[in-house]
Amino acid sequence: MDTAQAIKERELFIATKGKQKTSLKCDADSIAGCVSQRACVYCGARVVLNPITDAVHLVHGPIGCASYTWDIRGSLSSGSELYRNSFSTDLKEHDVIFGGEPKLKRAIDELVEKYQPKLIFVYSTCIVGVIGDDLEAVCKQAAAKYNIEVIPVQSSGFIGNKSAGYRAACDAIMRVVTPRKRLSRKVNSLNYLGDFNLAGEAWIIRSYLEEVGIDVNAVFTGDSSYDTLKQATAASLNIIQCAGSMNYLAKKLQEEYSIPYIQVSFLGLEDTAISLRRIAEFFGDAEIIAKTEALIERELASTRPVIDRYKGMFSGKKAAVYVGGGFKAISLIKQFREIGIDVVMVGTQTGRPEEYDTIHDLADEGTVILDDANPSELERFMTQQGAHLLVGGVKERPLAYKLGIAFIDHNHDRKHPLSGFVGAINFAKEVHSTLCSPVWDYMYDFGGDLNGTIAKV
Ligand code: SF4
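These remarks concern the structure in this document.

## Here's the deal with the nonpolar core
- Formed by 60 residues in total, the largest nonpolar core has its most connected members in Leu-190, Ile-239, Ile-279, Phe-336 and Val-431.
- If one sorts the elements of this core by residue count, helix H16 (residues 420-435) sits on top with 7 residues.
- In terms of nonpolar packing, the next biggest core, distinct from the first, is built from 40 residues, Ala-66, Leu-119, Tyr-123 and Val-177 among them.

Right under this line is the structure:
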């Protein structure tokens, strides 16, 4: 594999381990009209904010933008279900010509009357950036009229890429968490950043932490609510799972409220154990440390034999990874190693330079590493590298299936958790079931000799 196969404009975004010495180029602005697998600015913001369960999420734009909603993202709630609705101002030609502010005001009036929310997010979309509606002014007016929080999310297109949407969401969250008066610090209490409670993952991590004596003060943003977010600045520590979306917020909370942060990963046995130990060490409480060690020992004793059993079945298999953030990609390389699978292609939508350096260090010789790939590149490199399996999101699924490659959704609409010790087992099970699916007996095999080579359990 060499990068001469990439078109000239993309050469700096694609590297092969062992062939290029220069760092990978990344975080370029999305080009309007250019098809890549990366979502838009607004989608980046929506991903982060949507799991806030009792907020009204109002999309100021054409109806199509509002299709990005709960039903393609399985964040679960233990309380309000209001977040499952997607409200839109449904902008039309008339609004584009004469301005959409009157329609936005009417939409807010209607939503307040119907749902009496404490919090409304108003998302800006591409066309709003073009026509220049003043979201800040409309939201301020509505907030004063109803004595609630109405927060504009400055996520119109053409201002960057999905990462700009993450930052717009974090700026909106900072406006929510700002306490009316300084909160006193809670001991042995943390905020969990970058977990969106897909299939209840935040609940799993909460159960581990509570078992060892650590209080989860607020989760950003899985299963969170207006009231829990208002308490966020009382925590003693922020831990970050999804760095791509939440590093910016963690830095802001450190600057403004002196809350330190550490990066964690609850993907795979090894990273889960390391992360729990790092959290316990931060608090330095002997009882927490002892309980953490006991929990890790108990969980590894029951999960390690299962993982080892699967590992024996996957010998010689190769995986391709294309996910949103760099930190998840790093964890997945390690997690595939735990189950004996080589990763031959790794790409992300929003990886940062330092994450690509880590991916480069971690990857095997010959691994293709690429940023903000388009479908054609994914197809070419998966095929050439002989991948048997792709891990990606909702947009990558049809691509893998059309190529006759097994697929694991590590993002939007999955129904089982992949975090923590239980998640590591689910992951291995899913790898097995997708690689062993009888459907591959009927498909042309692009990725190597799959048929009959994996033992069925
Ligand atoms: S904000 Fe722009 S790119 Fe995103 S869905 Fe709407 S029109 Fe499409």
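## Thoughts on the pattern of salt bridges
- Tallied over the full model, the rule gives 19 salt bridges.
- Between Arg-352 and Glu-355 there is a salt bridge, with the nearest N and O atoms lying 2.7 Å from each other.
- Look at Glu-355 and you get buried, because its relative accessible area is 3%.
- Residues joined by salt bridges that share partners form a network here, namely Glu-211, Arg-298 and Glu-299.

## Brief notes about the site of the ligand
- Near the ligand, the surroundings consist of Cys-40, Tyr-42, Cys-65, Thr-125 and Cys-126.
- Among the residues forming the shell around the ligand, the class breakdown is 4 nonpolar, 1 polar and no charged.

## Observations regarding the sheet that holds strand S13 (residues 389-392)
- Across the sheet, 6 strands lie side by side as S1-S12-S11-S10-S13-S14; this open sheet has mixed pairing. Among the strands making up the open sheet, the edge pair consists of strand S1 (14-16) and strand S14 (406-409). Recorded for the sheet is a direction-independent mean angle of 15° between the axes of neighbouring strands.
- Inspection of the sheet shows strand S10 (residues 318-323) paired to strand S11 (residues 342-348) by 6 bridges, in the parallel sense. Each residue of the ladder has a partner; that of Lys-318, found in S11, is Asp-342.
- On top of the sheet, helix H13 (residues 353-362) reaches S11 and strand S12 (368-371); it is set at about 170° to S12, its chief contact.

## Notes on the packing of helix H11 (residues 286-311) against H16
- As a packed pair, H11 and H16 sit with axes 9 Å apart at the nearest point and diverge in direction by 5°. By the angle between their directions, the pair H11 and H16 is classed as roughly parallel. In this structure, H11 uses Leu-295, Ile-296, Glu-299, Leu-300, Thr-303, Val-306, Ile-307 and Tyr-310 to contact H16, whose residues at the interface are Phe-421, Ala-424, Ile-425, Ala-428, Lys-429 and His-432.
- Class assignment for the residues of the contact of H11 with H16 results in 10 nonpolar, 2 polar and 2 charged.

## So, the sheet that holds strand S3 (residues 87-88)
- Spatial strand order, S3-S2-S4-S5: 4 strands in an open sheet with parallel pairing. A strand with exactly one partner marks an edge of an open sheet, and here the two such strands are S3 and strand S5 (149-153).
- Bridging between strand S2 (residues 56-60) and S3 involves 2 bridges; their strand directions are parallel. When the bridges of S3 are listed, Val-59 appears paired with Ser-88.
- Across the sheet, helix H3 (residues 101-115) lies against S2, S3, strand S4 (119-124) and S5, angled at about 165° from S2, the strand it touches most.

Quick notes on the rules
- Counting of residues starts from 1 at the beginning of each chain's written sequence and follows it residue by residue.
- Local features in a predicted model are, by the rule used here, given only for residues with pLDDT of at least 70; side-chain atom pairs are given and counted only at 80 or more, and totals for whole chains, interfaces and linings are based on all residues.
- Hydrogens are left out, water is left out, and the side-chain values use all remaining heavy atoms of the structure.
- Only buried residues count toward a nonpolar core. Its members are Ala, Val, Leu, Ile, Met, Phe, Trp, Tyr and Cys residues joined through side-chain atoms within 4.5 Å.
- Burial classes: relative accessible area under 20% of the type maximum marks a residue as buried, over 50% as exposed, and values in between as partly exposed (1.4 Å probe, protein chains only).
- We count a stretch as a helix when DSSP gives it H or I for four or more residues in a row; a strand needs E for two or more, and each element gets its number in order from the N terminus.
- Between Lys or Arg on one side and Asp or Glu on the other, a salt bridge is scored when a side-chain nitrogen of the former is within 4 Å of a carboxyl oxygen of the latter.
- Residues are labelled near a given molecule or strand when at least one of their non-hydrogen atoms is within 4 Å of it.
- Only Asp, Glu, Lys and Arg are considered charged, only Ala, Val, Leu, Ile, Met, Phe, Trp, Tyr, Cys and Pro nonpolar, and every remaining residue, Gly among them, polar.
- Pairing between strands requires that DSSP locate at least two bridges from one strand to the other.
- Here the axes come from fitting lines to C-alpha atoms, over the contacting stretch only for helices, and the angles between their N-to-C directions go from 0 to 180 degrees.
- Whether two residues touch is decided by their heavy atoms; if any such pair falls within 4.5 Å, the residues are in contact.
- Note on terminology: angles under 35 degrees are roughly parallel, angles over 145 are roughly antiparallel, angles of 65 to 115 are roughly perpendicular, and the others are oblique.

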